[in-house]
Amino acid sequence: MKSFTSLTLLCLIAGATFAQQPEGKPGKNTNPVSKSRILQVDSAVVTKHTGTIKGKAVPYTATAGSMPIWDDEGRPVAGIFYTYYERDDVSDRNSRPLVISFNGGPGTPSVWMEIGYTGPRRLNTDNEGYPVQPYGIEDNNNSILDVADIVYIDPVNTGYSRIVDKETPGSKFFGVNEDIKYLAEWINTFVTRKNRWASPKFLIGESYGTTRASGLALELQDSQWMYLNGVVLVSPTDLGIERNGPVQAALKLPYFAATAWYHGMLSPDIQQKELTAFLPEVENFTINELIPAMARGGFIDSAQRNDIAAKIARYSGISPKVILGNNLNVSYDLFWKELLRDKGFTIGRLDSRYRGIDRQAYGDSPDYNAELTAWLHEFTPAMQIYLRNDLNYKTDLKYNMFGNVWPWDNKNDHTGENLRQAIAENPYLHLLIQSGYFDGACDYFNAKYSLWQLDPSGRLKGRLKWEGYKSGHMMYLRKEDLATATENLRKFIQESIPKAGTPAKY
């Protein structure tokens, strides 16, 4: 059940206020958002709603709008589009958590988690997350809006966010550290305008959004003097943590094993096991046997090479001949092409439960990403419908599901170390990592490895947690995992807020 009431369109440019007018009726106060393909960098549409979360009615206010990024002289050079959800029946906003949410790419907006995971409305899918028609939106019974307010942020050139000053180069925004710096400034402005400095604050990022969130944890503390209670990394990148050579080559095997298990490509004695009961065996082999064997390169004994290849084959579903022909190091691309080659299918990169069909069976990589095609199929129309019909944000500006942010400067990525430093500096700060077992882009065992390397001393590990799900990169698209993952988010948020009066000290 959902009610919708349109409020005033607030256009703050030059201090002016414009009343919203129906489309097609010209007048002095006609909605300026809907009549142009140019972003109004300081504007917002506010609407009132009631949604159903965990079976209970939750009234909330939604704000869809843009706020500026300024240069050193205070001129707006870009506008950042955001959507902000506040639960209405809250008596004490100061103790109400605020979740600040990003997706990745780095050139994609926060649409995925907003209408797929944590927001009050969710796109229509089947139980496993595949597209269904008619396209549309429904209440998200698993939204975390019952326990926290949420802002979804679209970085420059994603969603409706745009550079508005022609003299400002993209290099000001398009890089690991540039991205973190300007977004920290924007978050400061947002928190100040919305009067949320007293609130417990959480960052949640997905995919490249985990690089953002990890870097922002320290940038917000050290440059904006804003301290967090929690960081959530959904399907994290490598966070700039080194893993070259044999380690990098070996760490992908547990993901291969999980995917082969899902597709029934392993021996009967393995297939009869529960996934989470089987994977520790593969993980132990990877750490204790495969990495040492690969470290010896071409000087490994031939009998041992054959033994290692046979074990990789047993766990991955790929033939020993292919494994030996690739010097024990089967690439991700080849795995996605090879696993179901004889059945006429490729498998997806971001979620290897998805199958694709290539032009020809031969080759060493798939023609396309089967999972991403399916997701764009369902998310794009759902978001367009949601913005215009639910949030009443009507514009001719193109909504970029993937925007041009290239060239992207990946140098000096120390975001894993940034996150470690932020946690060390702030005794309140906790970390949660969520991974899908069938994610081949940001695979689950690499996420575990990052967690292990994040805290070499072991003295912070009581505040660090990893959890896995039987789905892919967007593990929340599987409705069973959506329910579990959001419950875990609720628990994490609640447990990361100290009792009143508890000092932040060691």
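Preceding block: the structure.
Presented here is an overview of the structure given in this document. (Residues numbered from 1 in each chain as written. Predicted model: local features only at pLDDT ≥ 70, side-chain atom pairs only at ≥ 80, totals over all residues. Heavy atoms only, no water.)

Core analysis: the largest hydrophobic core is formed by 96 residues, its most contacted members being Ile187, Val231, Phe278 and Leu431. Ranked by size, the runner-up nonpolar core spans 56 residues in total, among them Leu123, Ile137, Ala370 and Tyr469. (Core = buried A, V, L, I, M, F, W, Y, C linked by side-chain atoms within 4.5 Å. Buried < 20%, exposed > 50% of the residue type's maximum accessible area, 1.4 Å probe, protein only.)

Our focus in this paragraph is the pattern of salt bridges. Following the criterion strictly, the structure yields 30 salt bridges and no others. A salt bridge links Asp351 to Arg353, with the shortest nitrogen-to-oxygen separation between them at 2.8 Å. Pair check on accessibility: Asp351 and Arg353 agree, each one buried. A salt bridge links Glu417 to Arg420, with the shortest nitrogen-to-oxygen separation between them at 2.9 Å. With a gap of three residues between them, Glu417 and Arg420 both fall in helix H12 (residues 415-425), about one helical turn apart. You can call Glu417 partly exposed: its relative accessible area is 41%. Through salt bridges that share partners, Glu128, Asp351, Arg353, Arg478, Glu480 and Asp481 make up one connected network. (Salt bridge = Lys/Arg side-chain N within 4 Å of Asp/Glu carboxyl O. Helix = DSSP H or I, 4+ residues; strand = E, 2+ residues; numbered from the N terminus.)

So, about the packing of aromatic side chains. Taken as a whole and assessed by the stated rule, the structure comprises 34 aromatic pairs. Taking 5.6 Å as the distance between ring centres and 90° as the angle between the ring planes, the aromatic pair formed by Phe445 and Trp452 counts as edge-to-face. For Trp452, a relative accessible area of 42% puts it in the partly exposed group. Taken together, Phe173, Phe174, Tyr182, Tyr208 and Trp408 form an aromatic cluster joined through their ring pairs. Geometry around Phe345 places Arg355 over its ring, the cationic atom sitting 5.0 Å from the centre. (Phe/Tyr/Trp six-rings, centres within 6.5 Å; stacked < 30°, edge-to-face > 60°. Lys NZ or Arg CZ within 6 Å of the ring centre and 35° of its normal.)

In the contact formed by helix H1 (residues 111-118) and helix H11 (residues 370-390), the axes pass within 10 Å of each other and the chain directions differ by 90°. Our classification of the angle between H1 and H11 gives roughly perpendicular. Packed against H1, whose contacting residues are Val111, Trp112, Glu114, Ile115 and Gly116, the element H11 presents Trp375, Leu376, Phe379, Ala382, Met383 and Tyr386 at the interface. Classifying every residue of the contact of H1 with H11 by side-chain character gives nine nonpolar, one polar and one charged. (Axes fitted to C-alpha atoms, helices over the stretch in contact; angles between N-to-C directions. Parallel < 35°, antiparallel > 145°, perpendicular 65-115°, else oblique. Contact = heavy atoms within 4.5 Å. Nonpolar A, V, L, I, M, F, W, Y, C, P; charged D, E, K, R; others polar.)

All right, on to the pairing of strand E2 (residues 43-53) then. Of all eleven residues making up E2, eight are buried, and the element is well covered by its neighbours. One ladder, built from eleven bridges, connects E2 with strand E3 (residues 56-70); its direction is antiparallel. Each residue of the ladder has a partner; that of Ser43, found in E3, is Ser66. Between E2 and E3, which pair antiparallel one after the other, the connecting turn spans two residues, and Lys54 there sits at a positive phi close to 55°. (Pairing = 2+ DSSP bridges.)

Looking now at the side chain of Arg122. In this fold, Arg122 is placed in strand E6 (residues 121-123). One buried charged side chain, Arg122, makes no salt bridge at all; its nearest oppositely charged neighbour is Glu138, positioned 5.2 Å away. Among the polar contacts listed, one links the side chain of Arg122 to the backbone oxygen of Gly116, at a separation of 3.0 Å. In terms of polar contacts, Arg122 uses its side chain to reach the backbone carbonyl oxygen of Tyr476, at 3.1 Å. For Arg122, the contacting residues outside a window of four places in its chain are Ile115, Gly116, Gly136, Ile137, Glu138, Asp139, Asn140, Tyr476, Leu477, Lys479 and Leu482. (Lys, Arg positive; Asp, Glu negative; His and termini not counted. Polar contact = N/O pair within 3.5 Å; in protein donor to acceptor, adjacent residues only side chain to side chain.)

Everything listed is a geometric property; what it means functionally is a separate question.
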